[in-house]
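# Reading the structure
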Amino acid sequence: MFSRMLTRQSTDAYSARIERLKQALDKADAIVIGAGAGLSVSAGLTYSGERFETYFKDFADKYGIRDMYSGGFYPFETPEEYWAWWSRHIMVNRYKPVPKPVYGDLLKLVEDKDYFVLTTNVDHQFQLAGFDKKRLFYTQGDYGLWQCSEPCRQYTYDNEETVRRMVAEQRDMKVPPELIPRCPVCGRPMTMNLRTDDTFVQDEGWHAAADRCSDFLYRHEGAAILFLELGVGYNTPGIIKYPFWRMTAQNPKAVYACINYGEAICPKEIEDKSVCINHNIGRVLKDILE
C-alpha cells in the first residue's frame, strides 16, 4: 500500500511538532495508543547496564550473561536455577514500579479522553500506572501469567504469590524445589505466557481484550482519531505500526503521531497528517503537559 519512501519530518522545529501534537490531542474524539518497548525503556525499564548489574550480577559472573533479554534464553542447568532467574526478572519488570513517571504522565494526557491501548509490552506497566484495564490489550502476553508448557488447555495462571516467594526464598541462584510450578491439570512444567512460538496461550482474558480493541476501532471508524505510537520498533511492525499507517491513510480525519528516539518516521503518503518526534518519550510527554 505504501511506497518505500519514509520521512522523519526533519524540517520542523521540535517546538512546532510539540504544538501540533497538542492540537491533535485536543481535537481528537478518540485516541489509540500503540506502545512498544521504547516506552518502557524511557520509563527506566532498561535490560542492561547498571540495572542489570543490580539484580543479576551473580548470574552475570557465573554464566557471562550480559543483559536481561539474553538471560531469558539461557539454558540453565536445573529448573531451580531457571526459576531463580525468571522470578527475579518478573519481579523487577512486572511487580516493581517503574523508576520514572512516564506512564503516569501519559495517563494525564489521555485520562479525560476516550482512549484504548494496544501494546506489545508484557510488563503490565499501564495497569500499574492506573490505566483502565478494560482499555488495554497486551497482544504478546504478560510477565504476570504462567501457562502449561505444552498447553493442555487455553488457560493462564496468575504468578504473583509464587514469584514473591521464589524471590524471597531463593539461595545460591536456586529456588526451593517445591516452588517449581507445574500445570495443575496435566502436571507438565509451567512456562511464561509470552508469545515465542505457536504454544502461546490466548485465554479468555486475551480474547476479551482483543474484542474490546476491535470494537473500539469499529465504533470510531471515520471519527477524528489520533493514532499515538510510542516506542514501537520493527520487531513486530504488523501489530501496531503498519495498521496505524493504514488506518490513518483510510480515515480523512485521522492523525498519526510517532514519538520514538531515533526511529520517528512515517510514509510519504500520510506525511501531511502525521507528527513525528525523534526524541525521548518521557521528555516529550512532560513538554506536552507544560
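Residues numbered from 1 in each chain as written. Predicted model: local features only at pLDDT ≥ 70, side-chain atom pairs only at ≥ 80, totals over all residues. Heavy atoms only, no water.

### Quick look at the overall build of the chain
Helix and strand counts for the chain stand at eleven helices and eleven strands. In terms of overall size, the chain behaves like a compact globule, its C-alpha atoms giving a radius of gyration of 20 Å where 290 residues would be expected to give roughly 19 Å. For the chain, the spread of C-alpha atoms along the principal axes amounts to about 60 × 40 × 35 Å. The proportion of buried residues among the 290 residues of the chain is 50%. Within the chain, contacts between residues separated by at least 24 positions form 67% of all contacts whose residues are at least 6 apart in sequence. For the chain, the computed accessible surface area is about 14,100 Å², with 50% contributed by carbon and sulfur atoms. Averaging the locations of the 36 positively and 40 negatively charged side chains of the chain gives two centres separated by 2 Å. (Helix = DSSP H or I, 4+ residues; strand = E, 2+ residues; numbered from the N terminus. Rg over C-alpha atoms; globule rule 2.2 N^0.38 Å. Buried < 20%, exposed > 50% of the residue type's maximum accessible area, 1.4 Å probe, protein only. Contact = heavy atoms within 4.5 Å. Areas by Shrake-Rupley, 256 points an atom, 1.4 Å probe, with all protein chains shown as cover. Lys, Arg positive; Asp, Glu negative; His and termini not counted. Charge placed at Lys NZ, Arg CZ, Asp CG, Glu CD.)

### Description of the nonpolar core
Core analysis: the biggest nonpolar cluster contains 35 residues, and Leu21, Ile33, Phe126, Phe131 and Leu228 have the highest contact counts within it. In terms of residue count, the dominant contributor to this core is helix α6 (residues 102-110) (six residues). Judged by nonpolar contacts, the second largest core, of 31 residues, contains Phe59, Ala60, Tyr63 and Tyr143. (Core = buried A, V, L, I, M, F, W, Y, C linked by side-chain atoms within 4.5 Å.)

### So, the sheet that holds strand β6 (residues 156-158)
Pairing within the open sheet is antiparallel, and its three strands lie in the order β6-β5-β7. The open sheet has two edge strands, β6 and β7 (190-194), and neither has a second partner. Looking at each pair of strands side by side, their axes are set apart by 50° on average, direction ignored. Sheet analysis places strand β5 (residues 141-148) next to β6, joined by three bridges and oriented antiparallel. Across the sheet, Gln147 pairs through a bridge with Thr156, a residue of β6. Running at roughly 145° to β5, helix α5 (residues 79-95) makes contact with β5 and β7 of the sheet. (Pairing = 2+ DSSP bridges. Axes fitted to C-alpha atoms, helices over the stretch in contact; angles between N-to-C directions.)

### Comments concerning the pattern of salt bridges
All told, the structure shown has 16 salt bridges when counted by the stated rule. Of the charged contacts in the structure, one is a salt bridge between Lys57 and Asp61, with a shortest N-O distance of 2.8 Å. A residue pair is termed a helical-turn pair when its members lie 3 or 4 positions apart in one helix, as Lys57 and Asp61 do in helix α3 (residues 49-63) at four residues. For Lys57, a relative accessible area of 44% puts it in the partly exposed group. (Salt bridge = Lys/Arg side-chain N within 4 Å of Asp/Glu carboxyl O.)

### A look at the sheet that holds strand β11 (residues 274-277)
Pairing is parallel in the open sheet, where six strands are placed in the order β4-β3-β2-β8-β9-β11. Edge positions in the sheet fall to β4 (136-138) and β11, since each has one partner strand and no second. Neighbouring strand axes in the sheet, compared pairwise and without regard to direction, differ in orientation by 10° on average.

### A look at the pairing of β11
Alternating residues of β11 divide into Ser274 and Cys276 and Val275 and Ile277, and every residue in both groups is buried. Here strand β9 (residues 255-259) runs beside β11; their pairing, made up of four bridges, is parallel. By the bridge assignment, Tyr256 is partnered in β11 with Ser274.

### Focus on the side chain of Gln140
Tracing the sequence through the fold places Gln140 in the loop between β4 and β5. Residue classification places Gln140 among the buried residues on the basis of a relative accessible area of 13%. Reaching out from Gln140, the side chain makes a polar contact with the side chain of Thr139 at a distance of 3.2 Å. In terms of polar contacts, Gln140 uses its side chain to reach the side chain of Arg195, at 2.9 Å. Gln140 has contacts with Thr119, Thr120, Val122, Asn193, Leu194, Arg195, Phe200, Thr236 and Ile239, leaving out every residue within four places of it along the chain. (Polar contact = N/O pair within 3.5 Å; in protein donor to acceptor, adjacent residues only side chain to side chain.)

### Notes on the environment of Ser274
Following the sequence through the fold, Ser274 ends up in strand β11. Note on Ser274: relative accessible area 0%, which makes it buried. For the pair Ser274 and Arg94, spaced 180 residues apart in sequence, the C-alpha to C-alpha distance is 33 Å.

### What to know about unusual backbone geometry
One non-glycine residue with positive phi stands out, namely His124, at about 65°. Here His124 shows up in the loop between β3 (115-119) and α7 (125-129). Overall, His124 belongs to the buried group, its relative accessible area being 10%. A positive phi angle, close to 60°, is found at Met173, a residue other than glycine. Here Met173 shows up in the loop between α8 (160-169) and β7.

### What about the environment of Leu194?
The topology assignment puts Leu194 in strand β7. Leaving out residues up to four positions away in the same chain, Leu194 has contacts with Trp86, Val122, Gln140, Asp142, Tyr143 and Phe200.

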